[in-house]
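Residues per chain, in single letters:
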Amino acid sequence: FPFRNLGKSGLRVSCLGLGTWVTFGGQISDEVAEQLMTIAYESGVNLFDTAEVYAAGKRSSLVITTKLYWGGKAETERGLSRKHIIEGLKASLQRLQLEYVDVVFANRPDNNTPME
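Residues numbered from 1 in each chain as written. Predicted model: local features only at pLDDT ≥ 70, side-chain atom pairs only at ≥ 80, totals over all residues. Heavy atoms only, no water.

- The protein chain is annotated in an unreviewed UniProt entry as KCAB1 protein from Nyctiprogne leucopyga.
- Check the Sequence similarities (unreviewed entry) section of the UniProt entry for the protein chain; it says "Belongs to the shaker potassium channel beta subunit family." (UniProt positions renumbered as here; feature names shortened; annotations may be inferred.)

1. Comments concerning the overall build of the protein chain
Line of reasoning, step 1. Counting secondary structure elements, the protein chain contains two helices and six strands.
Line of reasoning, step 2. Tracing the protein chain from N to C terminus, the helices and strands come up as β-β-β-α-β-β-α-β. (Helix = DSSP H or I, 4+ residues; strand = E, 2+ residues; numbered from the N terminus.)

2. Concerning the environment of I64
Line of reasoning, step 1. In this fold, I64 is placed in strand β5 (residues 63–68).
Line of reasoning, step 2. Judged by its relative accessible area of 7%, I64 falls in the buried class. (Buried < 20%, exposed > 50% of the residue type's maximum accessible area, 1.4 Å probe, protein only.)

3. Side note on the nonpolar core
Line of reasoning, step 1. L18, F24, A33, A40, V45, F48, L62, I64, L93, L96 and V101 form the largest nonpolar core, which has eleven residues in total.
Line of reasoning, step 2. For this core, the secondary structure elements donating two or more residues are α1 (30–42) and α2 (82–96). (Core = buried A, V, L, I, M, F, W, Y, C linked by side-chain atoms within 4.5 Å.)

4. Observations concerning the side chain of D110
Line of reasoning, step 1. Residue position: D110 is located in the segment after β6 (103–106).
Line of reasoning, step 2. A polar atom in the side chain of D110 sits 2.9 Å from the side chain of T113.
Line of reasoning, step 3. Those residues in contact with D110, other than ones at most four positions away along the chain, are Y69, G79, L80 and S81. (Polar contact = N/O pair within 3.5 Å; in protein donor to acceptor, adjacent residues only side chain to side chain. Contact = heavy atoms within 4.5 Å.)

Rendered as C-alpha coordinates:
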(Lines give C-alpha, C1' and ligand atoms only; values in the text may rest on other atoms or scores of the structure.)
Protein backbone atom coordinates (compact mmCIF):
# COMPACT_ATOMS: atom_id res chain seq x y z
CA PHE A 1 0.00 0.00 0.00
CA PRO A 2 1.51 3.38 -0.94
CA PHE A 3 2.51 5.83 1.79
CA ARG A 4 3.42 9.53 1.65
CA ASN A 5 4.96 12.13 3.88
CA LEU A 6 2.38 14.34 5.57
CA GLY A 7 3.74 17.74 4.59
CA LYS A 8 7.07 18.42 6.26
CA SER A 9 6.11 16.66 9.50
CA GLY A 10 8.11 13.48 8.80
CA LEU A 11 4.94 11.48 9.43
CA ARG A 12 4.27 8.70 6.89
CA VAL A 13 0.59 8.16 6.12
CA SER A 14 -1.29 5.89 3.77
CA CYS A 15 -2.40 7.54 0.54
CA LEU A 16 -5.95 6.62 1.48
CA GLY A 17 -7.48 7.36 4.84
CA LEU A 18 -10.75 6.34 6.48
CA GLY A 19 -12.98 9.33 7.19
CA THR A 20 -15.48 8.72 9.96
CA TRP A 21 -17.70 11.78 9.49
CA VAL A 22 -21.29 11.41 10.78
CA THR A 23 -21.53 7.67 10.10
CA PHE A 24 -19.54 6.65 13.18
CA GLY A 25 -21.38 7.07 16.46
CA GLY A 26 -24.75 7.84 14.92
CA GLN A 27 -25.64 5.75 11.91
CA ILE A 28 -23.75 2.52 12.59
CA SER A 29 -23.07 0.47 15.71
CA ASP A 30 -19.73 0.47 17.51
CA GLU A 31 -19.25 -3.13 16.35
CA VAL A 32 -19.68 -2.21 12.67
CA ALA A 33 -17.39 0.80 13.11
CA GLU A 34 -14.71 -1.44 14.62
CA GLN A 35 -15.11 -3.94 11.76
CA LEU A 36 -14.69 -1.15 9.18
CA MET A 37 -11.60 0.20 10.91
CA THR A 38 -10.12 -3.30 11.12
CA ILE A 39 -10.74 -3.94 7.41
CA ALA A 40 -9.18 -0.59 6.51
CA TYR A 41 -6.16 -1.17 8.75
CA GLU A 42 -5.60 -4.71 7.50
CA SER A 43 -5.77 -3.32 3.95
CA GLY A 44 -2.91 -0.90 4.67
CA VAL A 45 -4.74 2.25 5.83
CA ASN A 46 -3.08 3.91 8.81
CA LEU A 47 -4.79 7.32 8.59
CA PHE A 48 -8.13 7.70 10.39
CA ASP A 49 -9.76 11.11 10.09
CA THR A 50 -12.07 12.49 12.76
CA ALA A 51 -13.29 15.95 13.82
CA GLU A 52 -14.49 17.53 17.01
CA VAL A 53 -18.11 17.18 15.95
CA TYR A 54 -17.77 13.50 14.95
CA ALA A 55 -18.80 10.85 17.38
CA ALA A 56 -16.07 8.91 17.43
CA GLY A 57 -4.80 -2.13 15.77
CA LYS A 58 -1.96 -0.94 17.78
CA ARG A 59 -2.17 2.75 18.46
CA SER A 60 1.47 3.39 17.60
CA SER A 61 0.95 2.18 14.03
CA LEU A 62 -2.13 4.36 13.42
CA VAL A 63 -2.17 8.03 12.46
CA ILE A 64 -5.22 9.67 14.02
CA THR A 65 -6.25 13.17 12.94
CA THR A 66 -8.97 15.50 14.07
CA LYS A 67 -10.24 18.85 12.86
CA LEU A 68 -11.35 21.94 14.75
CA TYR A 69 -13.65 24.81 13.94
CA TRP A 70 -17.36 23.82 14.13
CA GLY A 71 -17.69 23.04 17.85
CA GLY A 72 -21.02 24.33 19.09
CA LYS A 73 -23.56 27.12 18.94
CA ALA A 74 -21.98 29.50 21.46
CA GLU A 75 -19.55 32.08 20.13
CA THR A 76 -16.71 30.54 22.16
CA GLU A 77 -17.49 27.00 20.93
CA ARG A 78 -16.37 27.51 17.34
CA GLY A 79 -13.56 29.07 15.39
CA LEU A 80 -9.83 28.90 16.01
CA SER A 81 -9.36 30.91 19.18
CA ARG A 82 -6.86 29.52 21.67
CA LYS A 83 -9.77 28.75 24.02
CA HIS A 84 -11.68 26.78 21.41
CA ILE A 85 -8.61 24.91 20.17
CA ILE A 86 -7.86 23.70 23.71
CA GLU A 87 -11.47 22.88 24.64
CA GLY A 88 -12.36 21.42 21.23
CA LEU A 89 -9.32 19.17 21.24
CA LYS A 90 -10.03 18.01 24.80
CA ALA A 91 -13.61 17.16 23.78
CA SER A 92 -12.41 15.26 20.69
CA LEU A 93 -9.94 13.25 22.77
CA GLN A 94 -12.65 12.42 25.29
CA ARG A 95 -15.08 11.26 22.58
CA LEU A 96 -12.36 9.26 20.84
CA GLN A 97 -11.20 7.85 24.18
CA LEU A 98 -7.60 8.74 23.32
CA GLU A 99 -4.80 10.49 25.16
CA TYR A 100 -3.55 12.20 22.01
CA VAL A 101 -4.06 12.57 18.26
CA ASP A 102 -1.18 12.82 15.80
CA VAL A 103 -2.38 15.79 13.74
CA VAL A 104 -4.90 18.56 14.41
CA PHE A 105 -6.22 20.36 11.33
CA ALA A 106 -8.08 23.65 11.14
CA ASN A 107 -11.30 22.69 9.36
CA ARG A 108 -11.31 26.12 7.72
CA PRO A 109 -9.71 29.54 8.18
CA ASP A 110 -11.08 31.77 10.92
CA ASN A 111 -11.30 35.39 9.82
CA ASN A 112 -11.58 36.46 13.48
CA THR A 113 -8.33 34.80 14.54
CA PRO A 114 -4.97 35.75 13.02
CA MET A 115 -2.88 32.71 12.01
CA GLU A 116 0.08 33.76 14.15
